[in-house]
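Structural overview for review
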Amino acid sequence: MSKKTEIKEWKNHEGEVVASDNGFDVIDCQRCGFKHIIHIPTVDELENIYKHDYYKEEKPLYLERYQEDIDWWNMVYTQRYKIFEENLSEQQRDILDIGSGPGFFLLNGKKRGWKVKGIEPSIKAMEHSRDLGLEVEHGFFSEQTAPDLGTFDAINLGLVLEHIPDPIGLLKLIHNQLNDDGIVCIVVPNDFNPFQLLLRDHLDFKPWWVAPPHHINYFNFKSLTGLVERCGFEVVHKEATFPIDMFLLMRDNYIGDDIVGRECHKKRMNFEKSVSFGGDNSVLKNLYSSFAKQGIGREVVLFARKIKSI
């Protein structure tokens, strides 16, 4: 017997309920074109979360693990900068990182000759970035803060859009802060992907990727593409990241198990470093571009060019 479809409304949002957790429902919103929770937290609620407790309570080992994995992260970041450089002229080398975290993405770009700037709501992460000699402002990227930051040839938005109450408004603001023909790189979790649905629907896994209120929005390749196109961008490149959910299908259950999770992550890093041995990343890039066409991969990586006024 098929499960009865439940439709819910909240303010001017309406859609089928696809998951529920922590007192929130996730709806496939017909108005927005992507899945998100209801109710949507206020800006004040989110500011309190990210300024004070996110790195301390949600990711207590984040900075330590980041530094342990820095060689792998630099391999990932170098590939991202190469894609920027393939789509920009040699004179276009100003970049803003929104939600710049501990600053390692910006540090990689600075070493490549880019002029870099970041904005970060976590005081701890911002202070770490400044200790690296980087120009990073404390706060959220908003209508109030954006004008003082300036305009840029490239903007990086890594694992931010899923946390934002108004993704459409944020992308329009990014559009305004990009120079003509500028490029934005957006990375978001690829949620409700084929592997996750297989695990949920046939192997008795709960939808562990649903994590309100920290994760407000839930995207896939199709919904993110539609969103950026509506906001005045043209997609120039899409790829996935490693389909880490595959380990669950192989019975390596890392959910809630830090030791198993760390081992799975190390295997992923070893795989990518081995495939990229000698500095040639083309095999990995082509593989992950193919994954994107199938909707497979733990994250969506999308590069889009500013093409028109909105």
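Residues numbered from 1 in each chain as written. Predicted model: local features only at pLDDT ≥ 70, side-chain atom pairs only at ≥ 80, totals over all residues. Heavy atoms only, no water.

So, helix α4 (residues 104-111)
Among the 8 residues of α4, 6 are classified as buried, and the element is accordingly described as predominantly covered. Among all positions in α4, only Phe 104, Phe 105, Leu 106, Leu 107, Asn 108 and Gly 109 are buried. Among the residues trailing α4, Gly 113 stands out with phi positive, at a value near 100°. (Buried < 20%, exposed > 50% of the residue type's maximum accessible area, 1.4 Å probe, protein only. Helix = DSSP H or I, 4+ residues; strand = E, 2+ residues; numbered from the N terminus.)

Structural notes on the sheet that holds strand β7 (residues 136-138)
Pairing in this open sheet of 7 strands is mixed, and the strands run β7-β6-β5-β8-β9-β12-β11 from one edge to the other. Every interior strand has two partners, whereas the edge strands, β7 and β11 (233-240), have only one. Averaged over all pairs of adjacent strands, the angle between their axes in this sheet comes to 15°, without regard to strand direction. Bridging between strand β8 (residues 152-158) and strand β9 (residues 178-189) involves 6 bridges; their strand directions are parallel. Its bridge partner lying in β9, Phe 152 is registered against Leu 178. The sheet contacts of helix α7 (residues 167-177) involve β5 (94-98), β8, β9, β11 and β12 (299-306), and relative to β9 the element is tilted by about 145°. Contacting β9, β11 and β12, helix α9 (residues 221-230) runs over the sheet at an angle of about 160° to β11. (Pairing = 2+ DSSP bridges. Axes fitted to C-alpha atoms, helices over the stretch in contact; angles between N-to-C directions. Contact = heavy atoms within 4.5 Å.)

Brief notes about the pairing of strand β6 (residues 115-120)
Of all 6 residues that make up β6, 5 are buried, and the element is covered over most of its length. Since β5 and β6 lie parallel, the crossover through α4 that links them has a hand, and here it is right-handed. Relative to β7, β6 runs parallel, the two sharing 3 bridges. Residue Glu 120 lies in a different strand from β7, and its bridge partner there is His 138. Once you follow β6 into helix α5 (residues 123-131) and on to β7, the crossover reads as right-handed. (Right-handed = clockwise from strand over helix to strand, strands pointing away.)

Topic: the pairing of strand β4 (residues 35-38)
Taking every second residue as pointing to the same face, both faces of β4 are buried, with Lys 35 and Ile 37 on one and His 36 and Ile 38 on the other. Taken together, the 4 bridges between strand β3 (residues 24-29) and β4 define a ladder with antiparallel strand orientation. The residue bridging Asp 25 from the neighbouring strand is Ile 38, located in β4. Turn length for the β3-β4 hairpin, with the two strands adjacent in sequence and antiparallel, is 5 residues, and the turn residue Gly 33 shows positive phi of about 85°. Across 2 bridges, the pairing between β4 and strand β10 (residues 217-218) is antiparallel. In the sheet register, Lys 35 faces β10, and the bridge partner there is Tyr 218.

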